[in-house]
Amino acid sequence: MLKDIAVGTCVHLLSRIDDKALDEFWKETSAGKSPIVDSQGNLGYSLLSEDGILFIRNDFAATNYEQFELVFGDLFLPDTVQELLLKDKVLLLMVCRKGTQDFLLSELRTDVKFMLDLPRGEYFFFVFLLDAGAESLLNSTVHAIGFPSRMHLNSPELETFYLKHPVDIWEFVDPSPLDIKRGGPFYINMIMVNIEQVPGCSLLFSELLQEDESTTPL
């Protein structure tokens, strides 16, 4: 399954960051400071707006001629994932720009929506639910992975349908890259999928990092 959706390929990009930067990012995550780390190992922090939206700063390379678009995101947590939140967990958003080595990794919160300002292009979006108490990011256990939804899930009808047909979760998600083009803002819903429903997925984050690079290229 994962070989078809580029999770391992995106996570493998973290190998470009030195251990010190990753350790500092994880330390700030464990402290609940909403940190961000980019492909250059630069550490930053998200800002919570007065409207209760988490603004995620990004450093994606852009020319003077490139236009930016706003992307708003939210999480959908099925019952099979909500029960995992009873213990100490952390949510991380990973955004990778297709055709480049640019990416960002940022802490999310379950109680607020998030927003990014991205240069136009195609992007992969993934969310990881990990153990907050792990000694390091690479030693953390993956409990769930979030993928963009095929449709807008802020609908009682759709949520009711999912609750009645939980095995159909893959009918709701679309792990292919999103085309952020002229005409924004864009709105995405990240559906969290229990790791037990992701065939062939590694339980350790470090094993995702080591996924075979023969997976779908970015």
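Above this text sits the structure in question.
Since the model is a prediction, treat every value here as computed from it, not as a measurement.

Peer 1: Can you tell me about the overall build of the protein, naming the residues and giving the values?
Peer 2: Counting secondary structure elements, the protein contains five helices and twelve strands. Burial statistics for the protein: of 218 residues in total, 52% are counted as buried. Pairs at least 24 apart in sequence give 73% of the contacts found in the protein among residues at least 6 apart.

Peer 1: Which residues make up the pairing of strand S1 (residues 35-38), and what values go with them?
Peer 2: In summary, the side chains of a regular strand alternate between the two faces of the sheet. The two faces of S1 match: Pro35 and Val37 on one face and Ile36 and Asp38 on the other face are all buried. Remark: four residues form the turn of the hairpin made by S1 and strand S2 (residues 43-45), two consecutive strands paired antiparallel; Gly41 in that turn has positive phi of roughly 85°. Where S1 lies against strand S7 (residues 103-108), three bridges are found, and the strand directions are antiparallel. Bridge pairing in S7 places Ile36 opposite Ser106.

Peer 1: Lay out the side chain of Ser136 with the relevant residues and their values.
Peer 2: Assignment of secondary structure puts Ser136 in the loop between strand S9 (121-131) and strand S10 (142-148). A residue is classified by how much of its surface remains accessible, and Ser136, at 15% relative accessible area, is buried. Within polar-contact distance, the side chain of Ser136 engages the side chain of Asn139 at 3.1 Å. Excluding residues that lie within four positions of it along the chain, Ser136 makes contacts with Asp23 and Trp26.

Peer 1: Explain the layout of surface pockets to me, using residue names and the numbers behind them.
Peer 2: When its volume is computed, the largest pocket comes out at roughly 180 Å³. Lys89, Val90, Leu91, Glu107 and Leu108 are the residues nearest the centre of the largest pocket, which is lined by 14 residues in total. Of all elements in the fold, only helix H2 (19-30), strand S6 (89-97) and S7 reach the threshold of two or more residues within the lining of the largest pocket. With three residues, S6 is the single largest residue contributor to the lining of the largest pocket.

Peer 1: Account for H2, naming residues and giving values.
Peer 2: Relative to the 16 Å expected for twelve residues at 1.5 Å per residue, H2 spans 16 Å between its end C-alpha atoms, a close match to the ideal helical length. For H2, the elements touching its buried residues are S1, S2, S6, S7 and S9. If you check the start of H2, you find a side-chain oxygen 3.2 Å away from the backbone N of Lys20, and it comes from Asp18. Positive phi shows up at Gly32, right after H2, with a value of about 70°.

About the cut-offs
Residues numbered from 1 in each chain as written. Predicted model: local features only at pLDDT ≥ 70, side-chain atom pairs only at ≥ 80, totals over all residues. Heavy atoms only, no water. Helix = DSSP H or I, 4+ residues; strand = E, 2+ residues; numbered from the N terminus. Buried < 20%, exposed > 50% of the residue type's maximum accessible area, 1.4 Å probe, protein only. Contact = heavy atoms within 4.5 Å. Pairing = 2+ DSSP bridges. Polar contact = N/O pair within 3.5 Å; in protein donor to acceptor, adjacent residues only side chain to side chain. 1 Å grid on protein atoms, 1.4 Å probe; cavity = no way out; pocket = protein on both sides within 12 Å on 5 of 7 lines; lining within 4 Å. Points joined across faces, edges and corners; volume = space filled by probe spheres on them. Expected span 1.5 Å × (residues − 1).

By themselves these figures say nothing about function.
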